[in-house]
Amino acid sequence: MSTATQEIFDITAATYDADRAKLIPCYDAFYRRTTDLIPAGAKNILDLGAGTGLLSAFVRQWYPEAHIHLLDVSAPMLDRARTRLADDTNVSYKVADYTTTDLGSPYDAVVSALSIHHLDDPTKRDLFDKIFSALRPGGVFINAEQVAGPTAALDELYKKLWLQQVREAGATPDQIADSLYRQQDDRCASVEDQLDWLREAGFTDVDCWFKDNRFAVLAGTRP
């Protein structure tokens with residue numbers, strides 16, 4: 001992950017949580033579908049690009065016995081996660097770049113929300129290989145992601161519709177400005193490309209389980 005991306009999230013860590021519900025028009029369905037896809041009885045879950053622990057908090061609601069390991073490149077973001085999950089003794093944290101560090105293994109599920117789109121496409125593909133290796137057989141990778149349109153025209157329409165939606169939802173000019181600041185280092189890929197890359201990495205039952213404009217939930221299983 002680039003140094004610029006890390007710096008952007010270090011700077012905006014303090015306002016990140018307050019912005020989420022306003023900036024993701026499909027917020028509830030997006031995160032709920034992500035947790036729906038975690039295997040029943042999962043005991044060991046990795047949250048990649050865990051940030052402030054928002055996704056991990058959703059995971060904990062439905063998997064109260066699981067150990068959750070949060071990995072993120074930004075120390076200020078993980079500090080927020082520690083505050084959010086302070087009373088939870090069955091979580092662990094690591095400040096590191098998940099593209100280069102050992103992910104550990106084996107996991108029943110690897111989850112990620114709004115993080116992997118900061119990587120260039122070759123690095124995404126390498127990461128999918130790495131995640132595949134970190135899962136136990138039957139384990140699932142679930143990526144709740146911001147995606148590109150399949151054409152340049154549709155990608156531009158995604159962005160216009162998103163701006164319209166977040167303004168109608170009551171996002172403030174500052175919240176929108178902070179989001180656009182974070183997006184300056186985005187390298188989104190289309191749903192179709194990412195599903196192909198998951199299959200190339202060895203995943204089966206690969207599918208897009210949810211999509212609303214530029215937000216999608218993609219998943220695959222290690223056979």
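Residues numbered from 1 in each chain as written. Predicted model: local features only at pLDDT ≥ 70, side-chain atom pairs only at ≥ 80, totals over all residues. Heavy atoms only, no water.

### So, the pattern of salt bridges
Where charged atoms from two side chains of opposite charge approach closely, those side chains can pair. Tallying each qualifying case throughout the model produces ten salt bridges. For Asp36, the salt bridge goes to Arg32, with nearest N and O atoms at 2.8 Å. Remark: Arg32 and Asp36 occur in helix 2 (residues 27-36); sequence separation between them is four residues, near one turn of the helix. Given a relative accessible area of 39%, Asp36 falls into the partly exposed group. With a closest N to O distance of 2.5 Å, Arg125 and Glu200 form a salt bridge. Note that Arg125 is positioned in helix 5 (residues 121-134) and Glu200 in helix 8 (residues 191-201), a separation of 75 residues in sequence. Arg125 sits in the partly exposed class, given a relative accessible area of 35%. Here the salt bridges share partners, and the residues they tie into one network are Arg32, Arg33 and Asp36. (Salt bridge = Lys/Arg side-chain N within 4 Å of Asp/Glu carboxyl O. Helix = DSSP H or I, 4+ residues; strand = E, 2+ residues; numbered from the N terminus. Buried < 20%, exposed > 50% of the residue type's maximum accessible area, 1.4 Å probe, protein only.)

### Focus: the packing of helix 6 (residues 152-168) against helix 7 (residues 173-183)
For any two helices packed against each other, the geometry is given by the interaxial angle and the distance between the axes. Look at helix 6 against helix 7: their axes get within 12 Å of each other, and the N-to-C directions meet at 150 degrees. Relative to helix 7, the element helix 6 is oriented roughly antiparallel. Pair helix 6 / helix 7 crosses with right-handed handedness. Across from Trp162, Leu163, Val166 and Arg167 in helix 6, the residues of helix 7 making contact are Ile176, Ser179, Leu180 and Gln183. Residues belonging to the contact of helix 6 with helix 7 are distributed by class as follows: five nonpolar, two polar and one charged. (Axes fitted to C-alpha atoms, helices over the stretch in contact; angles between N-to-C directions. Parallel < 35°, antiparallel > 145°, perpendicular 65-115°, else oblique. Left-handed = near helix turned anticlockwise from the far one by under 90°. Contact = heavy atoms within 4.5 Å. Nonpolar A, V, L, I, M, F, W, Y, C, P; charged D, E, K, R; others polar.)

### So, the sheet that holds strand 2 (residues 67-72)
The sheet built from seven strands is open, its strands ordered 3-2-1-4-5-7-6 with mixed pairing. The open sheet terminates on both sides in strands that have one partner only, identified here as strand 3 (91-95) and strand 6 (204-212). Pairs of neighbouring strands in the sheet enclose a mean axial angle of 15 degrees, with direction left out of account. Pairing geometry for strand 4 (residues 107-113) and strand 5 (residues 135-146), over six bridges, is parallel. When the bridges of strand 5 are listed, Ala109 appears paired with Val140. Strand contacts of helix 4 (residues 75-84): strand 2 and strand 3, with the helix running at about 170 degrees to strand 3, the strand carrying the most contacts. (Pairing = 2+ DSSP bridges.)

### Examining the side chain of Asp97
Summarising the element assignment, Asp97 is placed in the loop between strand 3 and strand 4. Lys130 provides the closest opposite charge to the buried, salt-bridge-free Asp97, at an N-O distance of 7.0 Å. (Lys, Arg positive; Asp, Glu negative; His and termini not counted.)

### Brief notes about the environment of Val166
Assignment of secondary structure puts Val166 in helix 6. By relative accessible area, which is 0% here, Val166 ends up buried.

### Focus: the packing of helix 2 against helix 3 (residues 54-62)
Where helix 2 contacts helix 3, the axes come no closer than 10 Å and their chain directions differ by 60 degrees. With respect to their mutual orientation, helix 2 and helix 3 come out oblique. In this structure, helix 2 crosses over helix 3, and the sense of that crossing is right-handed. Taking contact as the criterion, the partners of Tyr27, Tyr31, Arg32, Thr34 and Thr35 in helix 2 are, on helix 3, Leu54, Leu55, Phe58, Val59 and Trp62. Partitioning the contact of helix 2 with helix 3 into residue classes produces seven nonpolar, two polar and one charged.

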